[in-house]
Amino acid sequence: MSQLFPGAVVEPVELAEAKGLVCIRTASASDVENLSVYFTGLSATSRNKRFSGARADPGAVAAECIAKSGGLDHFTLLAELREDGRGRIVGEARYAYDAAARHGEFAISVADAFQRNGVGLQMMTAMETLAIDLGHEMIAAETARTNAEMRGLARKAGFSDTGLGDWQSVHLAKRLSR
Ligand SMILES: CC(C)(COP(=O)(O)OP(=O)(O)OC[C@H]1O[C@@H](n2cnc3c(N)ncnc32)[C@H](O)[C@@H]1OP(=O)(O)O)[C@@H](O)C(=O)NCCC(=O)NCCS
């Protein structure tokens, strides 16, 4: 995909004001510690939205994300900023396929300081690319009605409201095609 970022799933995101390039790649075992640092650095608001208000131990969640990455129906994507020859995680998306419901589901976050730069949308594109490669035909998501950024991101990525939500949550879905 990119000669600069060999593991990239989609084209890198160029941050505004030449702050650097963000590469989207799949996570591996060596990422657990950095992912834990990333989760710890999220603002309380973003962390609450990412984990739907549930309390989460960043180390345990990072280990779980990585353990479940790389299987046939699961993967974790990382958005990585290259700084001084080193990588810094600035976003993540976890995807899992629900065989009974016959659709993929995901959770996503972008570091507060890097939001609204197109990183979330590019991770969604990468997620869809990998899901299609796995033969999946549909991705669904549920988010709080009050989560304007997730609803906006999903809309921009082509998801529609299924109408199955309730007064608190919205159900969104997108049919995948090659
Ligand atoms: C949701 C989230 C991942 C979006 O990531 P992002 O990198 O900021 O998104 P992008 O920059 O790619 O934005 C793409 C589009 O989403 C919409 N969007 C993003 N942030 C928005 C906001 N605060 N309000 C309204 N729409 C927003 C816009 O349509 C935007 O396109 P535009 O910038 O051209 O208007 C990020 O806000 C986040 O991490 N939130 C906290 C965690 C969370 O809520 N996760 C979802 C539940 S798992």
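- Named according to an unreviewed UniProt entry, the protein is Acetyltransferase originating from Bradyrhizobium nanningense.

Description of the site of the ligand
And step 1. Close to the ligand lie 22 residues; Lys 49, Gln 115, Gly 120, Leu 121 and Gly 152 are nearest.
And step 2. Looking at which element gives the most residues to the shell around the ligand, the answer is helix H5 (residues 148–156), with six residues.
And step 3. When its residues are assigned to classes, the shell around the ligand shows eight nonpolar, nine polar and five charged.

A few points about the sheet that holds strand S3 (residues 74–83)
And step 1. Spatially, S1-S2-S3-S4-S5-S6-S8-S7 is the arrangement adopted by the eight strands of the open sheet, whose pairing is mixed. Since the sheet does not close on itself, it has two edges, and those belong to strand S1 (13–14) and strand S7 (160–161), each with one partner.
And step 2. The pairing of strand S6 (residues 138–144) with strand S8 (residues 169–175) spans seven bridges and is classified as antiparallel. Bridging across to S8, Ile 139 finds its partner in Lys 174.

Looking at the nonpolar core
And step 1. Core analysis: the biggest nonpolar cluster contains 39 residues, and Leu 77, Ala 79 and Met 123 have the highest contact counts within it.
And step 2. Top contributing element to this core by residue count: helix H4 (residues 119–133), with six residues.

What about the pairing of strand S2 (residues 21–26)?
And step 1. As defined by bridge partners, S1 adjoins S2 across two bridges and the pair is classed as antiparallel. The partner of Val 13 across the bridge, within S2, is Val 22.
And step 2. Note: S2 against S3, five bridges, orientation antiparallel. In the strand pairing of S3, Arg 25 is matched with Leu 78.

Calculation notes
Residues numbered from 1 in each chain as written. Predicted model: local features only at pLDDT ≥ 70, side-chain atom pairs only at ≥ 80, totals over all residues. Near = placed C-beta within 6 Å. Helix = DSSP H or I, 4+ residues; strand = E, 2+ residues; numbered from the N terminus. Nonpolar A, V, L, I, M, F, W, Y, C, P; charged D, E, K, R; others polar. Pairing = 2+ DSSP bridges. Core = buried A, V, L, I, M, F, W, Y, C linked by C-beta atoms within 7 Å. Buried ≥ 20, exposed ≤ 12 C-beta atoms within 10 Å, placed from the backbone.

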